[in-house]
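Coordinate inspection notes
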Amino acid sequence: MIPYLIEHNDLLVITNSVDNASMLADYNVNTFLPGGKLKSSTKALIGANIIQTLERYHFDRAFLGANGFSIDAGYTTPDPEEAAIKSLAITQSNQSYILSDSSKFSQVSFSRFATLDEVPLITSRLSEKEANALKKFTKITEAI
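Residues numbered from 1 in each chain as written. Predicted model: local features only at pLDDT ≥ 70, side-chain atom pairs only at ≥ 80, totals over all residues. Heavy atoms only, no water.

**Describing the nonpolar core**
If you look at the biggest cluster of nonpolar residues, it comprises 19 residues, and the most contacted ones within it are Phe 69, Tyr 75, Ile 98, Phe 113 and Leu 134. In terms of residue count, helix H3 (residues 80-91) provides more of this core than any other element does, three residues in total. In contact with Leu 134, other than residues within four places in its own chain, are Phe 69, Ile 71, Phe 105, Leu 116, Leu 121, Leu 126 and Ile 140. Grouped together as the second largest cluster of nonpolar side chains are seven residues, Leu 45, Ile 50, Leu 54 and Leu 88 included. (Core = buried A, V, L, I, M, F, W, Y, C linked by side-chain atoms within 4.5 Å. Buried < 20%, exposed > 50% of the residue type's maximum accessible area, 1.4 Å probe, protein only. Helix = DSSP H or I, 4+ residues; strand = E, 2+ residues; numbered from the N terminus. Contact = heavy atoms within 4.5 Å.)

**Concerning a nonpolar patch on the surface**
Together, Met 1, Tyr 4 and Phe 63 make up an exposed nonpolar region whose accessible area comes to about 330 Å². With respect to the element layout, Met 1 can be found in the segment before strand E1 (12-14). Using a relative accessible area of 40% as the deciding quantity, one classes Met 1 as partly exposed. (Patch = residues over 30% accessible without salt bridge, like charges linked within 9 Å, V, L, I, M, F, W, Y side chains within 5 Å. Areas by Shrake-Rupley, 256 points an atom, 1.4 Å probe, with all protein chains shown as cover. Salt bridge = Lys/Arg side-chain N within 4 Å of Asp/Glu carboxyl O.)

**Considering the sheet that holds strand E6 (residues 68-70)**
The pairing of strands in a sheet comes from backbone hydrogen bonds and takes either a parallel or an antiparallel form. In space, the three strands of this open sheet follow the order E6-E7-E9, with antiparallel pairing throughout. Every other strand in the sheet has two partners, leaving E6 and strand E9 (111-114) as the edge strands with one partner each. Looking at each pair of strands side by side, their axes are set apart by 35° on average, direction ignored. Direction of pairing for strand E7 (residues 74-77) relative to E9: antiparallel, over a ladder of three bridges. (Pairing = 2+ DSSP bridges. Axes fitted to C-alpha atoms, helices over the stretch in contact; angles between N-to-C directions.)

**What about unusual backbone geometry?**
The phi angle at Asn 28 is positive, at roughly 60°, despite the residue not being glycine. Within the element layout of this structure, Asn 28 appears in the loop between helix H1 (18-26) and strand E2 (30-32). For Ser 106, which is not glycine, the phi dihedral falls at a positive 70°. Tracing the backbone through its elements, the reader meets Ser 106 in the loop between strand E8 (93-99) and E9. Ser 106 gets classed as partly exposed once you look at its relative accessible area, which sits at 48%.

Below, the structure is given as structure tokens:
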């Protein structure tokens, strides 16, 4: 998604991903990286400092990744600390979206951070059966 942001020169992006922050800097997108503990496996910043920082902000839009999404479990991630950050970002946003490729459909990780009806999904092409099942619970936008 980051390459699509370069068209907006008045944008401020807040991310807890060191990799995403680096890419945003490469595109000259105004980026804020709140401090926290660096999780080596995902290069994401986590912890109480991130939560305290995000509680002070309000976002127009939040775009969040998910390790899995399913009708029963909703949107999930393996790490409870990452789940807490994602859940707070949803609460602090006017509109939130989940970015998750279709291979993660029916995958369930340890920590749910949102239900399907709370946040629309932007995903790669789903089968007709999968799309029809999900459309009962959330709005879906299929991206290339």
